[in-house]
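As a plain string of letters, each chain reads:
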Amino acid sequence: MPASRKVTIADIARHVGMTNITVSRALNKPEMVKPATRERIEQAALELGYVPNAFARGLKRSDSRLIGVVTASLDNPFYAEMIKAISRHAKQHDYAIMLFDTDGDPHLESTAIDTLLSYQAAGLILSPVSDEPDYQPDYLARLKASDIAVVQLDRTLHDSGFSAVVLDNLWAGERVAQYLLEKALTAQRRTERDRLLVVAGPEHSRITCERLEGVREALGAQAGEVTIDVLWGDYTLAPAVDQVRDYLGRHGVPRAIFGLNQLITLGALKALREAGIDRDQTCVVGIDRLPYLEIFDITVPCVVHDGYRAGAQALEQLLVQMRDPQAAPCTLTVRGELVT
């Protein structure tokens, strides 16, 4: 057969001199074909290089073994950890995953959703490009009208009604602020110019708002004595570098810097280094572990979330929805721990 054309059931049928129906039965329902016939057909399929169309077979059986994973960014190590768990647990249940990295682009996200709907995927784990209340993507109505099971991971669409696995962002913000009160913002060390710089994500992001709320609640009575400066960003590294560099040039070194995710915290560290500022001059803290820093003997206190556990929970919750489409939506919350 020409290498450029896929081998079909009709090709096998011609090769062995049998009907298409007989060949199809031998490959898809072998118990319906005599052993000798089945063996001859299977040998021909092997010789010709036949590969079954899993998508078409899934449509015929109404039993798709495909799970879609749509994420806003694979640059974030935390997301990579969650996706690893999803992939491994999906394999254990005989499902394959189709992964889409939308790179923060709403159009790519919409296209990814439509692709999965066209493939009649059994389930979808979604971390949308935005969790701001006014982000209501055009595909939302199509998802709700379809039979696909949906679980949101980390980021959620406002009032979508889908199940979700989210982080305890309020607690994370509180715990970081408590640590700073103990180590950097104590009364003994306080000066008139004490400032806490929070390098955040989008201003109206649910995750951003919850983490900032936790900071303000933990500071409590001290909030009036500590100036909280917030830099709004997009949870990626490059903007954080630029913003912190500009802030240092205009305001000097704050008492502490709080990065609201891994990439932001790395961006803040890079800006400090470029400015020639020793890390002893300010206390840098973050959310989620910074990978490989221990190789360089660098320690950054952070609230660590178990990304692998979060991904596994999302997959398990999706399986529940797939087994019982009438199951009530459920939101699971993963709480981190402070690692210093």
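Our subject is the structure listed above.
Given the structure is predicted, the values throughout are model-derived calculations rather than measurements. (Residues numbered from 1 in each chain as written. Predicted model: local features only at pLDDT ≥ 70, side-chain atom pairs only at ≥ 80, totals over all residues. Heavy atoms only, no water.)

K.L.:
Just to check I follow, could you spell out a nonpolar patch on the surface for this structure?
P.N.:
Nonpolar side chains collect at one region of the surface, where Tyr 292, Ile 295 and Phe 296 lie side by side and expose about 420 Å² of accessible area between them. Topologically, Tyr 292 is positioned in the loop between β9 (283-287) and β10 (302-304). Its relative accessible area of 59% is what places Tyr 292 among the exposed residues. (Patch = residues over 30% accessible without salt bridge, like charges linked within 9 Å, V, L, I, M, F, W, Y side chains within 5 Å. Areas by Shrake-Rupley, 256 points an atom, 1.4 Å probe, with all protein chains shown as cover. Salt bridge = Lys/Arg side-chain N within 4 Å of Asp/Glu carboxyl O. Helix = DSSP H or I, 4+ residues; strand = E, 2+ residues; numbered from the N terminus. Buried < 20%, exposed > 50% of the residue type's maximum accessible area, 1.4 Å probe, protein only.)

K.L.:
How should I be thinking about the sheet that holds strand β7 (residues 227-231) in this particular structure?
P.N.:
Neighbouring strands of a sheet are bound in pairs by backbone hydrogen bonds; such pairs are parallel or else antiparallel. Taken together, 6 strands build an open sheet; the order of strands is β7-β6-β8-β9-β10-β12 and the sheet is mixed. Since the sheet does not close on itself, it has two edges, and those belong to β7 and β12 (337-339), each with one partner. Across this sheet, the average inter-strand angle for adjacent strands is 25°, counted without regard to direction. As paired elements, β10 and β12 share 3 bridges and run antiparallel to each other. The residue of β12 that forms the bridge with Cys 302 is Val 339. Its contacts with the sheet place helix α10 (residues 237-251) against β6 (195-199) and β7, and it is angled at close to 160° to β6. (Pairing = 2+ DSSP bridges. Axes fitted to C-alpha atoms, helices over the stretch in contact; angles between N-to-C directions. Contact = heavy atoms within 4.5 Å.)

K.L.:
I would appreciate a short explanation of the sheet that holds strand β2 (residues 96-101) in the present structure.
P.N.:
Overall, parallel pairing links the 6 strands, which are arranged β2-β1-β3-β4-β5-β11 in an open sheet. Two strands lie at the open edges of the sheet, namely β2 and β11 (331-334), each paired on one side alone. Each neighbouring strand pair of the sheet contributes to a mean axis angle of 15°, computed without reference to strand direction. By the bridge criterion, 6 bridges tie strand β1 (residues 66-71) to β2 in an arrangement that is parallel. Note on β2: the bridge partner recorded for Thr 71 is Asp 101. Lying on the sheet, helix α12 (residues 307-323) is in contact with β1, β3 (123-127), β4 (149-153), β5 (163-167) and β11; it crosses β4 at an angle near 160°.

K.L.:
Is there a simple way to think about the side chain of Ser 160 in this case?
P.N.:
Positionally, Ser 160 belongs in the loop between β4 and β5. Given a relative accessible area of 7%, Ser 160 falls into the buried group. Of the polar contacts made by the side chain of Ser 160, one reaches the side chain of Gln 152; its length is 3.1 Å. Of note is the side chain of Ser 160, whose polar atom sits 3.3 Å from the backbone nitrogen of Phe 162. Once residues within four sequence positions are removed from consideration, Ser 160 is found in contact with Leu 140, Lys 144 and Gln 152. (Polar contact = N/O pair within 3.5 Å; in protein donor to acceptor, adjacent residues only side chain to side chain.)

K.L.:
Sorry if this is basic, but what is going on with the packing of helix α2 (residues 20-28) against helix α3 (residues 35-48) here?
P.N.:
Working note: a packed helix pair is described by the angle between its axes plus the distance between those axes. Packing of α2 against α3 leaves a shortest axis separation of 9 Å and a crossing angle of 90°. By the criterion of interaxial angle, the relationship of α2 to α3 is roughly perpendicular. Note on element contacts: α3 touches α2 through Thr 37, Arg 38, Ile 41, Glu 42 and Ala 45, opposite Thr 22, Val 23, Ala 26 and Leu 27. (Parallel < 35°, antiparallel > 145°, perpendicular 65-115°, else oblique.)

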